[in-house]
Amino acid sequence: MTYTFDPLVPRPIDRPAEVTGPDPDAAKIFAAPADPADRPAWREALENWRDDARARHGYTGAMYERPGAAWAATCHTVAQVWLWDELLYDFNERRFTPERFLADARERFGGLDAVVLWHAYPVIGLDDRNQWDFYRDVPGLTELIESLHTAGLHVFVDYNPWDVGTRRGADDLTELAALVADLKADGVFLDTLKKAEPDFVERLEAARPGLVLEGESKLAVERIEDHPASWAQFFADSPVPGVLRAHWYERRHMQHHVRRWHRDHSEELQSAWLNGVGVMVWEVVFGVWVGWSPRDAGTVRRMVTLQRAAQDLLLDGEWTPLAELAPEAEAAGVYASKWELDGKILWTLVNRGDTDYRGPLPGADLFDGVPARGIGAAVQGWSPDLPPLPHNPDARFPHRIANRVSPQRTTGEPDEDAVVIPKGPYVLTVRYRARETGMYQGAPYVDEWKPLSPRLHDARTLQREGELTTAVAVAATEVTNAQYAEFLAATGQEPRQPGAPDEPVTHVDLDDARAYCAWRGGRLPTEDEWQLAGDRLRRGTPVVWNWTESEHSDGRTRFVMLKGGSDYRAEGSEWYVEGGVKAPDYTVKLLLPGFGLARSATVGFRCAWEVRS
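This structure is a prediction, so every number in the text was calculated from the model and none was measured. (Residues numbered from 1 in each chain as written. Predicted model: local features only at pLDDT ≥ 70, side-chain atom pairs only at ≥ 80, totals over all residues. Heavy atoms only, no water.)

Caption draft 1: Summary view of the overall build of the protein chain. Counting its regular elements, the protein chain contains 14 helices and 32 strands. A globule of 613 residues ought to have a C-alpha radius of gyration of about 25 Å, and the protein chain, at 27 Å, matches this closely. Its C-alpha atoms give the protein chain principal-axis dimensions of about 85 × 50 × 50 Å. When the 613 residues of the protein chain are sorted by exposure, 62% land in the buried category. (Helix = DSSP H or I, 4+ residues; strand = E, 2+ residues; numbered from the N terminus. Rg over C-alpha atoms; globule rule 2.2 N^0.38 Å. Buried < 20%, exposed > 50% of the residue type's maximum accessible area, 1.4 Å probe, protein only.)

This is the structure:
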């Protein structure tokens, strides 16, 4: 396979552009000149472009005057959070735990200003539930949002415009407007969309006045007018830090820097600090752990603490990008923005070098110099009341291992026609589709810029090696509705959803399936056992995915492997869980939702037993 790009290098579209270039309106970041002598002319060019662009687009700024949306201008930290992150949801107690999530954010990041409650991708497409169902079916979601509001946070919901192949209800705009009104959401994240169209904006504003729309990546200049925020994803800076085009155009427009797969966030943190904008804290990317190092988390804590204290300067003060510093600072790779208002001055400083800088600064030093790859601050004419904000130099990646939940031992006898797998070592080749969920361990894209085909959604394989310490018998067929009904009658439970007696039972979650197998003196087969028996297994009608005993948790995400495929297939988007009947070597990694919401019309199970000698 030939790659036409280096995934570790920013693409041309990610790179900074010259403000005096052919199309400055299309820039993500305006590149800064390396020579200090060129910077006065550069700053003048920035002002000329802004004046010209505002005149060309008839800019009024009226949307920023809405009282209900004013919070967005000071929303410096937003966390993108999977609804079933184990900091936010307790699988044992079956309840949301916002107090635990918020305590962690306060300790490591200095607290959050907002969260995005990510809900559907990457599990949508498993069955015909649509993106609205994945919010509407969540018990206690309204109460969770209320608790976040009480804690002082604003809440974004996620909109997936690519969801076109699942169950259809009303049109997307009607569904989304009703959702934000019912949930009392404060904003909408426009997943895969850089901007919403004007009628879209108007309908949502009518449904929830003051609603904030945040587009993904680069926002067109003319739409800064009605989008108070944007997701500054994969913005590469110039060697000398440049200026964010959208925030320079409108200071109240908040951008959130993020490079989701990077393990060193120092460059986007420095860009955010010099531009007076925010960051997205994203530690679980669609089920994959990409946690922030103590150094970078501590940098966020330093940033937001001072940004909150100086928000008047950052919003209304005179902003001088690349303010003049002592020659020693320039030589050390230290750069600054200067913010002035009513006799108060703030310098936000960054150190692009690899050595701590403790040379002369233009005002009173707040952070004891500017550490290597870190940030600093100096003030004149005022003295902010700040808690201690020490720098932590530990830039090591905080690895997490996904541990397997051990299967229960079996006590019963297998079905007479069960497929017996002999004990001993085995080697398996597993086929899967590359998705941002990864597979068993680690991130699928480490330090990469935006993954593109053929890196994203391509067919891949992995090798699994193991050993069965005893022979295992895997049921030849899935458990049927009739068989499951016997279990329900014997245990006094109520069926979730009835079906034809001879069809595979569905609408059972992992614990439901485990309970049935234990009642039969068995357990679920592991994904490897299922594959080893696969060619001899019979499939029911309709064909459904099979649960396997493969639950893993890294303390933040739980997942399980599904085998066998299903007749159902959601069409119309590459972002859906793949459907269709699959060969035994094919595996899908499914992130487990809470409250039993993994119960699906397309997932059933079969049992397995250890074979006694």
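The discussion continues.
Caption draft 2: Expanded view of unusual backbone geometry. Geometrically, the link from Tyr121 to Pro122 is a cis peptide bond, its omega value of 15° lying close to zero. Considering the arrangement of structural elements, one finds Pro122 in the loop between β5 (114-118) and α3 (133-136). The step from Ser453 to Pro454 runs through a cis peptide bond, and the omega angle for that step is 10°. Turning to its location among the elements, Pro454 is positioned in the loop between β22 (424-433) and β23 (459-468). Even without glycine at this site, Phe286 takes up a positive phi of about 50°. For Phe286, the position within the fold is in the loop between β13 (284-285) and β14 (288-289). Positive phi, normally seen in glycine, also occurs at Asp368, with a value near 60°. Within the secondary structure layout, Asp368 lies in the loop between β18 (364-365) and β19 (375-380). On the accessibility criterion, Asp368 (53% relative accessible area) is exposed.

Caption draft 3: Summary view of the environment of Asp133. Here Asp133 lies in helix α3. Sequence spacing of Asp133 and Arg556 is 423 residues, and the spatial spacing of their C-alpha atoms is 23 Å.

Caption draft 4: Summary view of the pairing of strand β12 (residues 278-281). The two faces of β12 match: Gly278 and Met280 on one face and Val279 and Val281 on the other face are all buried. In this sheet, β12 lies alongside strand β11 (residues 254-258) in parallel orientation, the contact comprising two bridges. Residue pairing for β12: His257 is matched across the bridge by Val279. What joins β11 to β12 is helix α8 (residues 266-275), and the crossover it makes is right-handed. (Pairing = 2+ DSSP bridges. Right-handed = clockwise from strand over helix to strand, strands pointing away.)

Caption draft 5: Quick look at the pattern of salt bridges. Inspection of every chain in the model, using the stated rule, returns 57 salt bridges. One salt bridge connects Glu205 with Arg66, and the closest N-O pair in it is separated by 2.4 Å. With Glu205 in helix α6 (residues 198-207) and Arg66 in the loop between α1 (39-56) and β2 (77-82), this pair connects stretches of sequence that are 139 residues apart. On the accessibility criterion, Arg66 (11% relative accessible area) is buried. With a closest N to O distance of 2.7 Å, Arg556 and Asp85 form a salt bridge. One end of the pair, Arg556, is in the loop between β26 (552-553) and β27 (558-563); the other, Asp85, is in the loop between β2 and β3 (89-90), with 471 residues separating them in the sequence. Each member of the pair, Arg556 together with Asp85, is buried. When salt bridges that share partners are traced, they join Glu86, Asp511, Arg514, Glu549, Glu551 and Arg558 into one network. (Salt bridge = Lys/Arg side-chain N within 4 Å of Asp/Glu carboxyl O.)

Caption draft 6: Representation of α6 within the structure. Taken residue by residue, α6 has Phe200, Val201 and Leu204 as its buried positions. Buried residues in α6, looked at end-on, bunch into an arc of 100°, giving them a common side. Facing away from the buried side of α6 by over 90 degrees, the exposed positions are Glu202 and Ala206. (Arc of directions from axis to C-beta.)

Caption draft 7: Here's a closer look at the nonpolar core. Ranked by internal contacts, the top residues of the largest apolar core, which has 169 residues, are Trp84, Val115, Leu117, Leu176, Leu346, Trp547 and Phe605. Sort the elements by how many residues they give to this core and helix α5 (residues 172-183) lands first, with six residues. With near-sequence residues (within four places) excluded, Leu346 lies in contact with Leu306, Ala310, Leu313, Leu314, Ser337, Lys338, Trp339, Ala377, Ala378, Val379 and Trp382. Formed by 12 residues, the second largest nonpolar core is a distinct cluster that contains Ala329, Leu349, Leu361 and Val370. (Core = buried A, V, L, I, M, F, W, Y, C linked by side-chain atoms within 4.5 Å. Contact = heavy atoms within 4.5 Å.)

Caption draft 8: Expanded view of the packing of aromatic side chains. With the rule as written, the count across this model stands at 35 aromatic pairs. On the basis of an interplanar angle of 85° and a centroid distance of 5.7 Å, the ring pair of Tyr121 and Trp575 is categorised as edge-to-face. Of this pair, Tyr121 sits in the loop between β5 and α3 while Trp575 sits in the loop between β28 (565-566) and β29 (580-581); the two residues are 454 residues apart in sequence, bridging distant segments of the chain. Across the pair, exposure class does not vary: Tyr121 and Trp575 are buried alike. (Phe/Tyr/Trp six-rings, centres within 6.5 Å; stacked < 30°, edge-to-face > 60°.)

Caption draft 9: Highlighting the sheet that holds strand β21 (residues 419-421). Pairing is antiparallel in the open sheet, where three strands are placed in the order β21-β24-β32. Each edge of the sheet is formed by a strand with only one pairing partner; in this case those strands are β21 and β32 (608-610). With direction set aside, neighbouring strand axes in the sheet form an average angle of 25°. In the sheet, strand β24 (residues 472-474) pairs with β32 via three bridges, with the strands oriented antiparallel. Following the sheet pairing, Val472 is matched in β32 by Glu610. (Axes fitted to C-alpha atoms, helices over the stretch in contact; angles between N-to-C directions.)

Caption draft 10: A look at the side chain of Gln131. Considering the arrangement of structural elements, one finds Gln131 in the loop between β5 and α3. The buried category is assigned to Gln131, whose relative accessible area is 0%. Among residues more than four places away in sequence, those in contact with Gln131 are His119, Ala120, Ile124, Asp158, Tyr159, Asn160, Asp163 and Asp172.

Caption draft 11: Layout of the sheet that holds β11. The strand order around the closed barrel formed by eight strands is β2-β5-β6-β7-β8-β9-β11-β12, and the pairing between neighbours is parallel. Averaged over neighbouring strand pairs, the angle between their axes works out to 25° when direction is ignored. Bridging between strand β6 (residues 154-159) and strand β7 (residues 187-190) involves four bridges; their strand directions are parallel. Residue pairing in the sheet places Tyr159 in a bridge with Leu190 of β7.

Caption draft 12: Representation of α1 in the model. Look at α1: 25 Å from first C-alpha to last across 18 residues, which is about the 26 Å you get at 1.5 Å a residue. Of the surrounding secondary structure, the elements contacted by the buried residues of α1 are β1 (29-30), β10 (243-244), α7 (245-249), β15 (318-320), α11 (327-331) and β16 (334-341). Remark: Gly58 follows α1 within two positions and exhibits a positive phi of approximately 60°. (Expected span 1.5 Å × (residues − 1).)

Caption draft 13: Looking closely at a negative patch on the surface. Among the surface-exposed residues, Glu44, Glu47, Asp51 and Glu318 lie close enough to one another that they form a single negatively charged patch. A total of three residues in the negative patch trace back to one element, the largest contributor, which is α1. (Patch = residues over 30% accessible without salt bridge, like charges linked within 9 Å, V, L, I, M, F, W, Y side chains within 5 Å. Areas by Shrake-Rupley, 256 points an atom, 1.4 Å probe, with all protein chains shown as cover. Lys, Arg positive; Asp, Glu negative; His and termini not counted. Charge placed at Lys NZ, Arg CZ, Asp CG, Glu CD.)

Caption draft 14: Looking closely at the packing of helix α12 (residues 481-491) against helix α13 (residues 510-519). Where α12 meets α13, the axes come as close as 11 Å, and the angle between the chain directions of the two elements is 80°. As the angle between them shows, α12 and α13 are arranged roughly perpendicular. Counting all contacts with α12, which are made through Gln483, Tyr484, Glu486, Phe487, Ala490 and Thr491, the residues of α13 involved are Asp512, Ala515, Tyr516 and Trp519. (Parallel < 35°, antiparallel > 145°, perpendicular 65-115°, else oblique.)

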